[in-house]
Amino acid sequence: MNLEEFNIIIFITGIIIGCVATLALKSYSAKNNSKKTDSSSNIITMKSLQQELDNKQVIIDNFFTDSNEHLMSVEKRLTELRNTLADNASQLSNVKIERSITETNNSDTVEAESFEPPRDYALKKDKEPGMLSEKFGFNDKNIDIEPKRTI
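Residues numbered from 1 in each chain as written. Predicted model: local features only at pLDDT ≥ 70, side-chain atom pairs only at ≥ 80, totals over all residues. Heavy atoms only, no water.

1. Looking at the overall build of the chain
Then comes step 1: In terms of helices and strands, the chain carries two helices and zero strands.
Then comes step 2: Within the span of the chain, comprising 151 residues, buried residues form 3% of the whole.
Then comes step 3: Accessible surface, the chain as shown: approximately 15000 Å² in total, 59% of it carbon and sulfur. (Helix = DSSP H or I, 4+ residues; strand = E, 2+ residues; numbered from the N terminus. Buried < 20%, exposed > 50% of the residue type's maximum accessible area, 1.4 Å probe, protein only. Areas by Shrake-Rupley, 256 points an atom, 1.4 Å probe, with all protein chains shown as cover.)

Okay, here's the thing in structure tokens:
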């Protein structure tokens, strides 16, 4: 074999190996790009799902707010109707029907009457001190707090 033929064989073998390596790298990079595209599409999908969830939450919040407002207006109308019925019944007949008292005023007065301060401090009128009182936990003020050391 001549040196020239050997060089030609080496050259052709190098070209073939280079082509195979290039094709292998292209297919590997194509697979990585498709994975990156899938992960970016997943991120886009998650963002759109989060936005859709937020929109539905706003719709639900609005629904409950509107429902509460409608119920409050219905309760107010019912109270007015009962009061009108009581007034008309007292004018037209001998039947006594009590007027409706709004529950919000009733509950506020009940809460105000039953309000009691927390028991973590000493009240002026109580004989027993609270936990934050100067006297709490001490029986005698003359007792030393620190133990005596014996040497």
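Moving on from the model shown.
2. Focus on the packing of aromatic side chains
Then comes step 1: All chains considered together, the criterion is met by one aromatic pair.
Then comes step 2: With a centroid separation of 5.2 Å and 70° between ring planes, the pair formed by Phe63 and Phe64 is classed as edge-to-face. (Phe/Tyr/Trp six-rings, centres within 6.5 Å; stacked < 30°, edge-to-face > 60°.)

3. Overview of the pattern of salt bridges
Then comes step 1: Under the criterion given, the structure shown has one salt bridge.
Then comes step 2: Of the charged contacts, one joins Glu52 and Lys56 as a salt bridge, the two residues approaching to 3.8 Å between their closest N and O atoms. Taken together, the residues Glu52 and Lys56, both in helix H1 (residues 3-92) and four residues apart, mark about one turn of the helix. (Salt bridge = Lys/Arg side-chain N within 4 Å of Asp/Glu carboxyl O.)

4. With respect to the side chain of Asn83
Then comes step 1: Tracing the backbone through its elements, the reader meets Asn83 in helix H1.
Then comes step 2: With a relative accessible area of 14%, Asn83 lands in the buried category.
Then comes step 3: Not counting residues within four places of it along the chain, the set of residues in contact with Asn83 comprises Arg99 and Ser100. (Contact = heavy atoms within 4.5 Å.)

5. Points about a nonpolar patch on the surface
Then comes step 1: Together, Ile8, Phe11, Ile12, Ile15, Ile16 and Val20 line one region of the surface with nonpolar side chains, adding up to about 590 Å² of accessible area.
Then comes step 2: Note that Phe11 resides in helix H1.
Then comes step 3: Classification of Phe11 by relative accessible area gives exposed; the value is 55%. (Patch = residues over 30% accessible without salt bridge, like charges linked within 9 Å, V, L, I, M, F, W, Y side chains within 5 Å.)

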